[in-house]
Amino acid sequence: MTNERRTALLKIVAGCCGGLLALNYVVFTPFMALWDAQSRQIQELQQKVQRGQQLLDRQNNIHNRWSSMLRANMPTDVSASENLAVQEIDRWARDSGITFSSLAPSWLDPDEQGGQLFEWRATATGTQLALARFIYEMETDSLPVNLQEYELTSRDDRGASLTMTARFSFLHIDANAKGAE
């Protein structure tokens with residue numbers, strides 16, 4: 001092979017290598033980035049479809065649960081709601097054996113979904129078991145009640161008598177409001 005042929009062959013090989021390198025940067029690298037982005041998007045869409053399918057599968061359960069919440073709803077009349085809340089709080093206290101030193105109710109403004117909170121601030125004393133039972137009674141009641149915060153402090157050196165300061169609320173759901181259907 002002559003020098004001229006070798007030089008021409010080396011030029012052709014170098015041109016092919018340069019062309020392949022340019023092809024890699026211009027075509028393959030952007031194509032792989034696009035491929036990865038589409039793979040991530042497909043995976044996100046598959047997760048959304050799976051989540052939607054789970055919601056559809058649980059639709060009857062969710063609907064039944066919502067219906068039971070509406071049935072256990074607080075009465076629409078403010079005084080009847082207050083009376084029901086007082087009766088339930090009294091029952092929880094009686095069943096648990098605690099005593100209240102203060103119990104203060106207040107209605108909070110309705111939210112945009114049509115719900116209204118009837119908030120209570122309470123201070124009660126009792127044993128650890130009695131206070132735990134009170135919280136259990138509250139959390140397992142059929143009425144829509146939520147214990148938002150509480151604090152326990154000891155009244156004696158051994159911790160046999162405790163004071164609980166709590167804030168909890170009853171939810172009144174307006175069945176005619178948007179989102180309640």
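Just so you know, these numbers come straight off a predicted model, no measurement behind them.

Moving on to the overall build of the chain. Helices and strands together make up the secondary structure of the chain, namely 4 helices and 4 strands. Ordering the α and β elements of the chain from the N terminus gives α-α-α-β-β-α-β-β. For the chain, the C-alpha radius of gyration of 34 Å lies well beyond 16 Å, the compact-globule estimate for 181 residues. Counting only C-alpha atoms and orienting by the principal axes, one finds that the chain spans roughly 110 × 50 × 30 Å. The proportion of buried residues among the 181 residues of the chain is 23%. Look at the contacts in the chain between residues 6 or more apart in sequence, and 62% of them connect residues 24 or more apart. Taking the average place of the 17 positive charges on the side chains of the chain and the average place of its 22 negative ones, the gap between the two points comes to 14 Å.

This part covers the state of the cysteines. Across all of its chains, the model carries 0 disulfides by this definition. Distance from the sulfur of C16, which forms no disulfide, to the nearest cysteine sulfur (C17) is 7.1 Å.

Looking at the secondary structure, you find W92 in helix α3 (residues 78-96). In this structure the C-alpha to C-alpha distance between W92 and F118, which are 26 residues apart in sequence, comes to 17 Å. If near-sequence neighbours (up to four positions away) are discounted, W92 is found in contact with F134, E137, M138, D141, V145, F168 and F170. Within the local environment of W92, its side chain forms a polar contact with the side chain of D141, the two groups lying 3.0 Å apart.

Where α3 contacts helix α4 (residues 128-140), the two axes come as close as 8 Å, and the packing angle between them is 145°. Judged by the sense of rotation from one axis to the other, the crossing of α3 with α4 is right-handed. Contact residues: α3 offers I89, R91, W92, A93, D95 and S96, while α4 offers A130, R133, F134, E137 and M138. In the contact of α3 with α4, the residues fall into 6 nonpolar, 1 polar and 4 charged.

Here is what the cut-offs are and how they apply
- Residues numbered from 1 in each chain as written.
- Predicted model: local features only at pLDDT ≥ 70, side-chain atom pairs only at ≥ 80, totals over all residues.
- Heavy atoms only, no water.
- Helix = DSSP H or I, 4+ residues; strand = E, 2+ residues; numbered from the N terminus.
- Rg over C-alpha atoms; globule rule 2.2 N^0.38 Å.
- Buried < 20%, exposed > 50% of the residue type's maximum accessible area, 1.4 Å probe, protein only.
- Contact = heavy atoms within 4.5 Å.
- Lys, Arg positive; Asp, Glu negative; His and termini not counted.
- Charge placed at Lys NZ, Arg CZ, Asp CG, Glu CD.
- Disulfide = S-S within 2.5 Å.
- Polar contact = N/O pair within 3.5 Å; in protein donor to acceptor, adjacent residues only side chain to side chain.
- Axes fitted to C-alpha atoms, helices over the stretch in contact; angles between N-to-C directions.
- Left-handed = near helix turned anticlockwise from the far one by under 90°.
- Nonpolar A, V, L, I, M, F, W, Y, C, P; charged D, E, K, R; others polar.

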